[in-house]
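Chain residues, written in single-letter form:
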Amino acid sequence: MEKSLVITQTLKGEIPVLSIAGRLDAANAPEAEQALASLMEGGRRRIVVDAESLAYISSAGLRVLIAAKKRLSPQGGDIRLARLQPPVRNVFAIAGFDRIFAIYDDAAAAVQSFS
């Protein structure tokens, strides 16, 4: 069976970039939550999520992102999003999350926004 969610991590300078591919839904939201939590527990306060290959996000996926953002905010940190595809961007707009998260056209711009 093909894995429905693939998360890879790279470092752009001091900023970790999590690339999320596939579907972020209730079945695999804990995997995304763990990836973000391990970055935060490792002291990372500024994180970019690259969603170029994210085909679908459910309310469970949105909850993972908003919970991480809420956890980082008191510490002066943030999560920035990059390359949301039209179906995913539409979900963010419907949920009003496009007003909560900074969304960039590419990961480099999202990383640069932290400097």
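Look up a bit, the structure's there.
Keep in mind the model is a prediction, meaning the values are calculated, not measured. (Residues numbered from 1 in each chain as written. Predicted model: local features only at pLDDT ≥ 70, side-chain atom pairs only at ≥ 80, totals over all residues. Heavy atoms only, no water.)

**Details of empty space enclosed by the protein**
Gaps between atoms show up when a probe of the same size as a water molecule is rolled over them.
So, point 1. Under the defined criterion, the tally for this structure stands at one cavity of 30 Å³ or more.
So, point 2. Of the pockets and cavities examined, the largest cavity occupies roughly 50 Å³.
So, point 3. Only β2 (15–24), β4 (54–57) and α3 (86–95) provide two or more residues apiece to the lining of the largest cavity.
So, point 4. Each residue belonging to the lining of the largest cavity can be placed in one class, and the counts come to 11 nonpolar, no polar and no charged. (1 Å grid on protein atoms, 1.4 Å probe; cavity = no way out; pocket = protein on both sides within 12 Å on 5 of 7 lines; lining within 4 Å. Points joined across faces, edges and corners; volume = space filled by probe spheres on them. Helix = DSSP H or I, 4+ residues; strand = E, 2+ residues; numbered from the N terminus. Nonpolar A, V, L, I, M, F, W, Y, C, P; charged D, E, K, R; others polar.)

**Brief notes about the pattern of salt bridges**
Oppositely charged side chains can pair when the atoms bearing their charge come close.
So, point 1. Taken as a whole, this structure holds seven salt bridges when the rule is applied.
So, point 2. Here Arg-83 makes a salt bridge to Glu-52, at a shortest N to O gap of 3.2 Å. One end of the pair, Arg-83, is in the loop between β5 (78–82) and α3; the other, Glu-52, is in the loop between β3 (46–50) and β4, with 31 residues separating them in the sequence.
So, point 3. What emerges from the salt-bridge pattern is a single network uniting Asp-50, Glu-52 and Arg-83. (Salt bridge = Lys/Arg side-chain N within 4 Å of Asp/Glu carboxyl O.)

**So, the environment of Arg-80**
So, point 1. Its place among the elements puts Arg-80 in strand β5.
So, point 2. Residue classification places Arg-80 among the buried positions, given a relative accessible area of 15%.
So, point 3. Each C-alpha atom, one on Arg-80 and one on Ser-113, is 8.6 Å from the other, the two residues being 33 residues apart in sequence.
So, point 4. Apart from the residues within four sequence positions on either side, Arg-80 is in contact with Ile-47, Val-48, Val-49, Ala-102, Tyr-104, Ala-110, Ser-113 and Phe-114.
So, point 5. Of note is the side chain of Arg-80, whose polar atom sits 2.9 Å from the side chain of Asp-78. (Buried < 20%, exposed > 50% of the residue type's maximum accessible area, 1.4 Å probe, protein only. Contact = heavy atoms within 4.5 Å. Polar contact = N/O pair within 3.5 Å; in protein donor to acceptor, adjacent residues only side chain to side chain.)

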